[in-house]
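Examination of the molecular architecture
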Amino acid sequence: MEPDRLQIAVAQILLHHVQDGLPQWAAIMKDGEFVTNRSRHGRHKDARLRFNPKLLFSINWATSGPGFEWPEAYYVTYVPGLEKYVFTASRDGDDAWGCADHAIGSADETDGLQEAARKVLTSYWKEQADGWDQQRWEGCIAEGLVDERAANAWAQAVWAEDTAIEDADDEQDGLPSREGRE
């Protein structure tokens, strides 16, 4: 499901002060020109609040060739007044979702940050796995408030059924299960 304009605008506003650190695709052209695909978003002249997004972690969905990765970074921003955590996903371009950044969920402050992050991210991944058979991401490429071990455990919970099906298929083919190969 493609993000709507509100999800995109919320992410752009909340991530404004860290936008230079978000995933970015770049190339140097034959003529030496440096090209990037992420547009810089200006801040409204009357903006009063400065938000402080924190990196949860970053993943690489896949490596499609040398130097061609599909990174996605997850941030959380606390929004005072609403007492909510807002979670965002950022990629190095708009080719996958039609935008580079969008809000993927929110949670009340009382939910606890780690548990809220787990619920939002696993729901986001599950929607992709169920919607178009998105395969599990390849690896965690940066830790933030959530470490690699927790991120992998969350992913395993989403894609555990796929792993069980692969193991059953392997056993039918006379191959040892995944556990037997490790």
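Reference entry: report on the structure contained in this document. (Residues numbered from 1 in each chain as written. Predicted model: local features only at pLDDT ≥ 70, side-chain atom pairs only at ≥ 80, totals over all residues. Heavy atoms only, no water.)

1. Focus: unusual backbone geometry
Positive phi values are uncommon outside glycine, yet Glu 83 reaches one of about 50°. Along the chain, the position of Glu 83 falls in the loop between strand 4 (68-79) and strand 5 (84-91). Look at Glu 83 and you get partly exposed, because its relative accessible area is 36%. The residue Asp 133 is not glycine, and still its phi comes out positive at about 60°. Assignment of secondary structure puts Asp 133 in the loop between helix 2 (113-132) and strand 7 (139-143). Exposure remark for Asp 133: the relative accessible area of 51% places this residue in the exposed category. (Helix = DSSP H or I, 4+ residues; strand = E, 2+ residues; numbered from the N terminus. Buried < 20%, exposed > 50% of the residue type's maximum accessible area, 1.4 Å probe, protein only.)

2. Digging into the sheet that holds strand 6 (residues 101-108)
Taking strand neighbours across the sheet as the criterion, the five strands line up as 6-5-4-3-7 in an open arrangement whose pairing is antiparallel. Two strands close off the open sheet at either side, each with one partner strand: strand 6 and strand 7. Looking at each pair of strands side by side, their axes are set apart by 20° on average, direction ignored. Sheet topology places strand 4 next to strand 5; eight bridges connect them, and they run antiparallel. Note on strand 5: the bridge partner recorded for Tyr 78 is Tyr 85. Along the sheet, helix 1 (residues 5-14) contacts strand 4, strand 5 and strand 6; its crossing angle with strand 6, the most-contacted strand, is approximately 85°. (Pairing = 2+ DSSP bridges. Axes fitted to C-alpha atoms, helices over the stretch in contact; angles between N-to-C directions. Contact = heavy atoms within 4.5 Å.)

3. Details of helix 2
Its 20 residues give helix 2 an end-to-end C-alpha distance of 29 Å, which sits within 8% of 28 Å, the value for a rise of 1.5 Å per residue. Buried within helix 2 we find Ala 116, Ala 117, Val 120, Leu 121, Thr 122, Tyr 124, Trp 125, Gln 128 and Ala 129. Phi for Asp 133, located one or two positions after helix 2, is positive at around 60°. (Expected span 1.5 Å × (residues − 1).)

4. Quick notes on the pattern of salt bridges
Close approach of charged atoms allows side chains with opposite charge to pair. In this structure the tally under the stated criterion is five salt bridges. A salt bridge links Arg 91 to Glu 72; its shortest N-O distance comes to 2.8 Å. Linking Arg 91 in strand 5 with Glu 72 in strand 4, this pair joins segments that are 19 residues apart in sequence. Both residues of the pair, Arg 91 and Glu 72, belong to the buried class. We note a salt bridge from Asp 130 to Lys 126, for which the minimum N-O separation is 3.2 Å. Of this pair, Asp 130 and Lys 126 both sit in helix 2, separated by four residues, roughly a single helical turn. Judged by its relative accessible area of 39%, Lys 126 falls in the partly exposed class. (Salt bridge = Lys/Arg side-chain N within 4 Å of Asp/Glu carboxyl O.)

5. A few points about helix 1
All of the buried residues in helix 1 are Ile 8, Ala 11 and Leu 14. Buried residues in helix 1, looked at end-on, bunch into an arc of 140°, giving them a common side. For helix 1, exposure combined with an orientation more than 90 degrees from the buried face picks out Arg 5, Leu 6 and Ile 13. Buried residues along helix 1 sit in contact with strand 4, strand 5 and strand 6. Residue Asp 4 occupies the N-cap position of helix 1, its side-chain oxygen lying 3.1 Å from the main-chain nitrogen of Leu 6. (Arc of directions from axis to C-beta. Polar contact = N/O pair within 3.5 Å; in protein donor to acceptor, adjacent residues only side chain to side chain.)

6. What to know about the packing of aromatic side chains
Taken as a whole and assessed by the stated rule, the structure comprises eleven aromatic pairs. A ring pair is formed by Trp 61 and Trp 159, whose centres lie 6.1 Å apart and whose planes are at 80°; its orientation type is edge-to-face. Note that Trp 61 is positioned in strand 3 (residues 54-65) and Trp 159 in helix 3 (residues 148-172), a separation of 98 residues in sequence. Judged by its relative accessible area of 2%, Trp 159 is buried. Grouping aromatic residues by their ring pairs yields a cluster made of Phe 57, Trp 61, Tyr 74, Trp 97, Tyr 124, Trp 125, Trp 132, Trp 137, Trp 154 and Trp 159. Geometry around Trp 137 places Arg 136 over its ring, the cationic atom sitting 4.5 Å from the centre. (Phe/Tyr/Trp six-rings, centres within 6.5 Å; stacked < 30°, edge-to-face > 60°. Lys NZ or Arg CZ within 6 Å of the ring centre and 35° of its normal.)

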